[in-house]
Amino acid sequence: MEKDCIFCQIAHGRTDTEILTETDTLVVFKDINPHAPVHLLFVPKKHIRSINDLTSADQEILSELIMVARDMAKEHGVSKSGYKLLYNVEKGGGQLVFHLHLHLIGGWH
Ligand code: 5GP
Ligand code: ZN
């Protein structure tokens, strides 16, 4: 855990952010500034800066992020209508929080 990292603080229960789902590996919560009716963030408990910093030891984290996102899409009623899964990578890719996270965005009418 990096003490100055907001997503480390959220993932380790140090904030009042509502956690929608938690596993040994990750937490899920709503984006504070949603870009769509459904905008969830899937955040590993392990501090990894971005996709660039993944190692082969992190493969299970990556697959769990996607599988839990798939399940949460269903739970939030956007499986059939469709949704985006997005990783922003570094500043040029729009990353603002430098702790790896997967966006699930959907629910447009
Ligand atoms: P990025 O641009 O780094 O891929 O996305 C970071 C996302 O995290 C943004 O969409 C932003 O709204 C969200 N965010 C930043 N700080 C917080 C926070 O403290 N709580 C929550 N729930 N979302 C946050
Ligand atoms: Zn962190």
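Residues numbered from 1 in each chain as written. Chains lettered and ligands numbered in written order. Predicted model: local features only at pLDDT ≥ 70, side-chain atom pairs only at ≥ 80, totals over all residues. Heavy atoms only, no water.

(A) Structural view of the layout of surface pockets. Taken as a whole, the largest pocket encloses approximately 470 Å³ of empty space. Lining of the largest pocket is provided by 21 residues; of these, Asp31, Ile32, Leu41, Val97 and His103 occupy positions nearest its centre. Elements that contribute at least two residues to the lining of the largest pocket include exactly helix 1 (6-11), strand 2 (26-30), strand 3 (38-44) and strand 5 (102-106). A total of three residues in the lining of the largest pocket trace back to one element, the largest contributor, which is helix 1. (1 Å grid on protein atoms, 1.4 Å probe; cavity = no way out; pocket = protein on both sides within 12 Å on 5 of 7 lines; lining within 4 Å. Points joined across faces, edges and corners; volume = space filled by probe spheres on them. Helix = DSSP H or I, 4+ residues; strand = E, 2+ residues; numbered from the N terminus.)

(B) Highlighting the pairing of strand 2. Of all five residues in strand 2, four are buried; the element is thus mostly enclosed. For strand 1 (residues 21-22) and strand 2, the ladder comprises two bridges, and the chain directions are antiparallel. Residue pairing across strands places Glu22 opposite Val27, the latter belonging to strand 2. Taking the residues between adjacent antiparallel strands as the criterion, strand 1 and strand 2 are bridged by three residues. Bridge count between strand 2 and strand 3: five bridges; the pairing is antiparallel. Bridge pairing in strand 3 places Val28 opposite Phe42. (Buried < 20%, exposed > 50% of the residue type's maximum accessible area, 1.4 Å probe, protein only. Pairing = 2+ DSSP bridges.)

(C) A look at the coordination of the zinc ion (ligand 2). With distances of 2.0 to 2.3 Å, the protein atoms coordinating the zinc ion (ligand 2) are Cys5 (SG), Cys8 (SG), His47 (ND1) and His99 (ND1). Along the chain, the residues donating to the zinc ion (ligand 2) are arranged with the sequence spacing C-x2-C-x38-H-x51-H. Remark: His99 occurs in the loop between strand 4 (83-86) and strand 5 and Cys5 occurs in the segment before helix 1; sequence separation between them is 94 residues. For the residue pair Cys5 and His99, the accessibility class agrees, reading buried in each case. (Donors = N, O, S within 2.8 Å, 3.2 Å for Na, K, Ca; no water.)

In short, the description is geometric, and any link to function would need to be established separately.
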